[in-house]
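Notes for the structure review
Given next are the chains, with one letter for each unit.
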Amino acid sequence: MFRQKSITYEIMVKVNGRWQFDAVKTTEAAAVSYAQTLIDAGPHDGVKVVQEEPGRIEQVVFEEDSKPVGGSPVSISSIEYAPLCETTADLYGYEARLCAGRLLRKYLDREGLTPLELLYGPGKFKQLARDDRLMNQAVQKIAGLQAREFDADKSKRVDFLYAAISDLSDPSYKTKPIEEAEAALRSRGLKAAIEVANASSDQNHTLNGAIAKTLSRSLEWRGKLGILLELATGEGDEEILDQAMSEILDGGQAVKEVLSLGDTLKDLILSTIEVIQGKAEHPNLQKLSSLVHSGRYEKTTAVLVRKISLSLGHIQPLTKESSATDQKALEEILALSITSAGFIGDGSYSEAMTKRARITYATDEDLPANQAIDEVLKRLPNKAVALGYLFDLSRTPFAEKYLSEVGAALTRTIGAAKSLKDLCKPNSSPDYMTAVSKDLGNRIEKGGFPEAIGTMIAKNMANLLGGGSGKAAAQQPVETKPITKPKKPKYKSSFGRMRLVEGDIIFNQKEPGDEAYLVDTGRVEIIKISKDGERRIGIVERGEIFGEMALIDQNGRSGTARAMEDTVLKIIPAEAFTSRLAKLSESDSVMRRLIDVYVKRLRQNSEK
């Protein structure tokens, strides 16, 4: 039932003269890129990539010894994606800054800079631009990734990037209001700086520049983060602070300085998870933990989860003691990582946890894949958490190699469950079951399952989440309001964004749909309007998509969407959405049909 791919690429690392398994990829390019990342990161003696194909002798396609650290010039770090930038101004965007931070991580750690500070400090950027070797590596890497991802001409991308570097090195490119916003930021706080920035021609540019200059006043990562934490007021300032915080915590050196409360990898991982879960008790971490756990700092949460995944997926011991101590440490990490239905993060976290189990619970050789999965499963509290873990794991490169093992574990876990209640502990509260239903539903909606696993999910989970106690748990509470006169959106940009104020209508009930939307900041309510007034049928939070139902079944809008506060939406054109659905129909027809089933049920529920 579960078919495995024929060719895989194993990444091996040499530690104390012994080669050990670290990861597996499905393409040579991805494997070599990952191997180069390990060379940069250390600590180990060497890295190699081995091609494996049934019936043939394994072949080493890449091997390199780790470079000695100290005294040598820094180099770029390996990355696998670079966003497409078409103007110099695009390089100031968050995705571009995050990409630059990862590519230039060694340089930025050495200089004690965030990408934001580098971009808004012409002197600092000029100094970097003088390093022809490093800049050439960076330009060639980014241009190559953009050419591959976006079918662009690499030589033209190289020309654009060098021209942009020249612009970024010119102090005249900086806007004058930045100084005024910085002065307001230092004397009267972020709210005052936002007011100054709103009066300028480019609000985001001005505000980012003011924050960058303020961060530059501290030379330590803890100090830079402290500046941002002091600025946090909870008065609509989350987006700008979230971006700046995530840039700091995306750096390995910064995470160690800010979050490590001990001298072991276990200490670092546990303190990071505690911050994410809102459980940090150390005085230096309490405010950061409170902000992250609020759910409003999604970018910061994402980079912290990524750091944990990278740390777990590595072979460095969790403690400095015995293997038994490492096992106990992993169990502490696992227990703290559990959500209502799975682990924090996405598939990379589940994959990292499984890889860590392979080496932590091993005796001489790494555990077989099925045993590693079982070691994780037997430490989970119920089937709901186990399913979430396996759903995420099934979308990873680990599952591409060990599809039979993951599929068998999933089959056993779903078992004879007839309703959502069977997945949870006896006497679970309605609130907990609602959380489980939402969590599992979100993990299913991500898609990307192998066909055999997708078929199993379609066969079993629609009834579990939509029938019995699951149906009751999944229903949204409703609220009533008097009818208010709809208002038109305040501003719709030409760059795929829509800006709204409280009360603005995005679309009206029964209108044909030509766009879907992702909430970047703010909140949106979906309401049904009738002669009896308004009935709220749902609230869309940051990071969630709405308006997609009309694009899937072409039946018009199921309700009216209205901004509940100042809101920024990312627009998803119908063409982009439908083209992805068409690709899904070709690659995974089962998941495509399951989407139609869910949309039909949602429409039926919204009519009640």
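Residues numbered from 1 in each chain as written. Predicted model: local features only at pLDDT ≥ 70, side-chain atom pairs only at ≥ 80, totals over all residues. Heavy atoms only, no water.

1. Some thoughts on the overall build of the protein chain
- Along the protein chain, the regular secondary structure elements total 28 helices and 16 strands.
- Here the protein chain holds 608 residues, and 51% of them are scored as buried.
- Partitioning the contacts of the protein chain with sequence separation of at least 6, the portion at a separation of at least 24 is 69%.
- Per element, the accessible surface of the protein chain, about 29,200 Å² overall, is 50% carbon and sulfur. (Helix = DSSP H or I, 4+ residues; strand = E, 2+ residues; numbered from the N terminus. Buried < 20%, exposed > 50% of the residue type's maximum accessible area, 1.4 Å probe, protein only. Contact = heavy atoms within 4.5 Å. Areas by Shrake-Rupley, 256 points an atom, 1.4 Å probe, with all protein chains shown as cover.)

2. Quick look at helix α18 (residues 347–360)
- Here α18 spans 20 Å end to end across 14 residues, near enough to the 20 Å set by a 1.5 Å rise per residue.
- Of all 14 residues making up α18, 12 are buried, and the element is well covered by its neighbours.
- Among all positions of α18, only G347, Y349, S350, E351, A352, M353, T354, K355, R356, A357, R358 and T360 are buried. (Expected span 1.5 Å × (residues − 1).)

3. Observations regarding unusual backbone geometry
- For D151, which is not a glycine, the phi torsion comes out positive at approximately 55°.
- Residue placement: D151 occurs in the loop between α6 (132–150) and α7 (154–168).
- A relative accessible area of 73% places D151 in the exposed class.
- Positive phi is not limited to glycine here, since K510 has a value of about 75°.
- Mapped onto the fold, K510 is located in the loop between β10 (505–507) and β11 (515–521).

4. Some remarks on the packing of aromatic side chains
- What the rule picks out here adds up to 9 aromatic pairs.
- With 6.0 Å between their ring centres and 40° between their planes, F507 and F546 make a pair best called tilted. With F507 in strand β10 and F546 in strand β14 (residues 545–546), this pair connects stretches of sequence that are 39 residues apart.
- The buried category is assigned to F507, whose relative accessible area is 7%.
- Taken together through their ring pairs, the aromatic side chains of F343, Y349 and Y389 make up a single cluster.
- Cation over ring: R358 sits above F21, and NZ or CZ is 5.1 Å from the ring centre.
- A cation over a ring is seen here: R557 above F507, with NZ or CZ 4.0 Å from the ring centre. (Phe/Tyr/Trp six-rings, centres within 6.5 Å; stacked < 30°, edge-to-face > 60°. Lys NZ or Arg CZ within 6 Å of the ring centre and 35° of its normal.)

5. Describing the environment of N136
- Tracing the backbone through its elements, the reader meets N136 in helix α6.
- For N136, a relative accessible area of 36% gives the class partly exposed.
- In this structure, the C-alpha to C-alpha distance between N136 and V158, residues 22 residues apart in sequence, is 9.4 Å.
- A polar side-chain atom of N136 sits 3.1 Å from a polar atom in the side chain of Y162. (Polar contact = N/O pair within 3.5 Å; in protein donor to acceptor, adjacent residues only side chain to side chain.)

6. Here's the deal with a nonpolar patch on the surface
- Together, Y81, L84 and F150 make up a nonpolar patch on the protein surface, roughly 250 Å² of accessible area in all.
- Inspection of the secondary structure puts Y81 in the loop between β4 (59–65) and α2 (94–103).
- Owing to a relative accessible area of 41%, Y81 belongs among the partly exposed residues under this scheme. (Patch = residues over 30% accessible without salt bridge, like charges linked within 9 Å, V, L, I, M, F, W, Y side chains within 5 Å. Salt bridge = Lys/Arg side-chain N within 4 Å of Asp/Glu carboxyl O.)

7. Observations regarding the packing of helix α9 (residues 190–198) against helix α10 (residues 203–215)
- Between α9 and α10, the shortest axis-to-axis distance is 8 Å and the interhelical angle comes to 140°. Taken together, the axes of α9 and α10 lie oblique to each other. Pair α9 / α10 crosses with right-handed handedness. Residue-level inspection shows L190, A193, I194, A197 and N198 of α9 in contact with α10, the latter providing Q203, T206, L207 and I211.
- Here the contact of α9 with α10 is composed, by residue class, of 6 nonpolar, 3 polar and no charged. (Axes fitted to C-alpha atoms, helices over the stretch in contact; angles between N-to-C directions. Parallel < 35°, antiparallel > 145°, perpendicular 65-115°, else oblique. Left-handed = near helix turned anticlockwise from the far one by under 90°. Nonpolar A, V, L, I, M, F, W, Y, C, P; charged D, E, K, R; others polar.)

8. Describing empty space enclosed by the protein
- As enumerated under the stated definition, the model contains 3 cavities of 30 Å³ or more in all.
- The computed volume of the largest cavity comes to approximately 360 Å³.
- The wall of the largest cavity is formed by 24 residues, among which L91, A100, I142, L161 and L168 lie closest to the centre.
- The set of elements that each furnish at least two residues to the lining of the largest cavity consists of α2, α4 (115–119), α5 (122–129), α6 and α7. (1 Å grid on protein atoms, 1.4 Å probe; cavity = no way out; pocket = protein on both sides within 12 Å on 5 of 7 lines; lining within 4 Å. Points joined across faces, edges and corners; volume = space filled by probe spheres on them.)

9. Describing the layout of surface pockets
- Computed from the structure, the second largest pocket encloses a volume of approximately 500 Å³.
- Lining the second largest pocket are 22 residues, and of these Q20, I315, P317, D326 and I359 sit closest to its centre.
- Listing elements by their share of the lining of the second largest pocket, those giving two or more residues are β2 (18–25), α17 (323–337) and α18.
- For the lining of the second largest pocket, a count of residues per class yields 6 nonpolar, 9 polar and 7 charged.

10. Some points on the environment of V13
- With respect to the secondary-structure elements, V13 resides in strand β1 (residues 8–15).
- Along the chain, V13 and E64 lie 51 residues apart, while their C-alpha atoms are 9.9 Å from each other.

11. Side note on the pattern of salt bridges
- One pass over the structure, following the stated rule, counts 22 salt bridges.
- Across the pair D250 and R102 runs a salt bridge whose closest N-O atoms are separated by 2.8 Å. Residue D250 is found in the loop between α12 (238–249) and α13 (252–259), and its partner R102 is found in helix α2; the two are separated by 148 residues along the sequence.
- D250 gets classed as buried once you look at its relative accessible area, which sits at 3%.
- According to the relative accessible area criterion, R102 is partly exposed, its value standing at 23%.
- The residue R110 makes a salt bridge to E111 at a minimum N-O spacing of 3.2 Å.

12. Concerning the confidence of the model for the protein chain
- Averaged over all residues, the pLDDT of the protein chain equals 81, while 83% of them reach at least 70.
- Averaged pLDDT values over the elements of the protein chain bottom out at 35 in strand β7 (residues 479–481) and peak at 95 in helix α19 (residues 369–377).
- In this model residues 67–71 is a low-confidence stretch, pLDDT under 50, and it forms 0 contacts with partners more than four residues away in sequence or in other chains. (pLDDT = per-residue confidence, 0-100.)

13. Things to note about the pairing of strand β13 (residues 533–540)
- Of all 8 residues in β13, 6 are buried; the element is thus mostly enclosed.
- As paired elements, strand β12 (residues 524–530) and β13 share 7 bridges and run antiparallel to each other. In the sheet register, I527 faces β13, and the bridge partner there is R536.
- Counting the residues between successive antiparallel strands, the hairpin from β12 to β13 contains 2 residues. (Pairing = 2+ DSSP bridges.)

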